[in-house]
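Here is how the chains run, residue by residue.
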Amino acid sequence: MAIISTYCKKGGVGKTTLLGYLAHYYSQKGKKVLIISADDQNSIFKLFGVGDFITDSTDNYLENYLTGACEASDIVCEARDNMYIIKTLNTDRLSFTLTVKRQEERKIIDIIKDFTNYFDYIFVDFPPSSSRLSEVLLDISDKILLIIGLDTLGLDGYLNTIQYFVDTDIDLNKIKYIIPTGYHPIKLAPNKALKELKKQASAYTPDAQITIPVSDKSIVRNLQSEGISVFDNAEMPSKFHQKNRDEFKKELKKMFDGMDLE
Ligand SMILES: Nc1ncnc2c1ncn2[C@@H]1O[C@H](COP(=O)(O)OP(=O)(O)OP(=O)(O)O)[C@@H](O)[C@H]1O
Ligand SMILES: [Mg+2]
């Protein structure tokens, strides 16, 4: 059992994408997986073609379970075999409640710890903004994967995250892996950014391992617009798309197999 989070205090770097694919890969290996969306955009659902669950008008969200108004089984969406997702409705409001009522903070921690009795892995998807909810959930994470976009603004995301962790007393040692995204082997900018990231990481998070960088592949956006995961055995519209999908799948598999998330 482990609580795993992808984080970066910068938007659009691939946090949700990587978390979703990692969770799906683990579920296909026979692990029972729960994803908690701590981002009320709940974009993780769209990755798996279950976006309707976000706007579903029933009370199937985390906050409702916290108040005891419904059962855990009412709030989980089965997105794939062995893989379930929980949404949040309004993280600002929930954060406010956590700030003003200390016992609510204990309650959310207990509820998530209780989930660990039923799932092998709990993955938490965060928004790039900071809130009390993010702090509480980062704090109970066993391992944090820091996702860093390989450009100038992306590198700011690394420093902003370090600063945020230090300011809010979140243990930097929880960051086990740094995953660079937006890579291209022959483009100058991402290679320069990767070098710079390695320099910064050796100064502030020397024990975190930098993984192989994730390539920027247009096939990812195509699959996501269809609600198909890279680990689904979906038929592709052409040999070209299939080749791109398979290449990306192989790249991710290699990275995921190299990580120890026990
Ligand atoms: N490897 C990739 N290659 C190309 N595009 C990608 C890749 N990974 C993610 N994307 C695209 O980049 C965009 C942002 O990805 P994602 O939503 O995963 O980022 P995020 O960090 O979770 O964003 P937010 O901060 O808004 O939650 C999406 O449109 C997604 O399809
Ligand atoms: Mg996201």
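Up top is the structure these notes are about.
Rules and cut-offs
Residues numbered from 1 in each chain as written. Chains lettered and ligands numbered in written order. Predicted model: local features only at pLDDT ≥ 70, side-chain atom pairs only at ≥ 80, totals over all residues. Helix = DSSP H or I, 4+ residues; strand = E, 2+ residues; numbered from the N terminus. Rg over C-alpha atoms; globule rule 2.2 N^0.38 Å. Buried ≥ 20, exposed ≤ 12 C-beta atoms within 10 Å, placed from the backbone. Contact = placed C-beta atoms within 7 Å. Near = placed C-beta within 6 Å. Nonpolar A, V, L, I, M, F, W, Y, C, P; charged D, E, K, R; others polar. Expected span 1.5 Å × (residues − 1). Arc of directions from axis to C-beta. Right-handed = clockwise from strand over helix to strand, strands pointing away. Pairing = 2+ DSSP bridges. Core = buried A, V, L, I, M, F, W, Y, C linked by C-beta atoms within 7 Å.

## Structural notes on the overall build of the protein
Part 1 of the reasoning: Scanning the protein from N- to C-terminus turns up 12 helices and 9 strands.
Part 2 of the reasoning: Whereas a compact globule of 262 residues would reach a radius of gyration of roughly 18 Å, the protein reaches 18 Å, a difference of no more than 12%.
Part 3 of the reasoning: Across its three principal directions, the C-alpha atoms of the protein cover 55 × 45 × 30 Å.
Part 4 of the reasoning: For the protein, the proportion of its 262 residues judged to be buried stands at 39%.
Part 5 of the reasoning: Across the protein, contacts joining residues at least 24 apart in sequence account for 79% of those joining residues at least 6 apart.

## Observations regarding the site of ligand 1
Part 1 of the reasoning: Contacts to ligand 1 come from 18 residues, most closely from Gly 11, Gly 14, Lys 15, Thr 16 and Thr 17.
Part 2 of the reasoning: Grouping the constituent residues of the shell around ligand 1 by class yields 5 nonpolar, 8 polar and 5 charged.

## Side note on helix α9 (residues 152-167)
Part 1 of the reasoning: Between its terminal C-alpha atoms α9 stretches 23 Å, which fits the 22 Å expected from 16 residues at 1.5 Å a residue.
Part 2 of the reasoning: Of all the positions in α9, only Gly 154, Leu 155, Gly 157, Tyr 158, Thr 161 and Phe 165 are classed as buried. Down the axis of α9, the buried side of the element spans an arc of 140°, and every buried residue falls inside it. Set apart from the buried face of α9 by more than 90 degrees, the exposed residues are Thr 152, Leu 153, Gln 163, Val 166 and Asp 167.

## Some words on the pairing of strand β7 (residues 175-183)
Part 1 of the reasoning: Most of β7 is tucked away, with 7 of its 9 residues classed as buried.
Part 2 of the reasoning: The β-α-β motif built from strand β6 (residues 143-149), the intervening α9 and the parallel element β7 has right-handed crossover chirality.
Part 3 of the reasoning: Two elements, β7 and strand β8 (residues 209-210), share 2 bridges in a ladder whose sense is parallel. When the bridges of β8 are listed, Tyr 177 appears paired with Gln 209.
Part 4 of the reasoning: In this fold, β7 hands off to helix α10 (residues 188-204), which returns the chain to β8; that crossover is right-handed.
Part 5 of the reasoning: By the bridge criterion, 2 bridges tie β7 to strand β9 (residues 214-215) in an arrangement that is parallel.

## Some details on the nonpolar core
Generally speaking, a soluble globular protein has its nonpolar side chains buried in company with each other.
Part 1 of the reasoning: Counting 65 residues, the largest nonpolar core has Ile 35, Phe 123 and Leu 146 as the members making the most contacts within it.
Part 2 of the reasoning: In terms of residue count, the dominant contributor to this core is helix α1 (residues 15-28) (7 residues).
Part 3 of the reasoning: Not counting chain neighbours up to four residues away, the residues in contact with Leu 146 comprise Tyr 7, Cys 8, Thr 161, Ile 175, Ile 178, Ile 179 and Ala 208.

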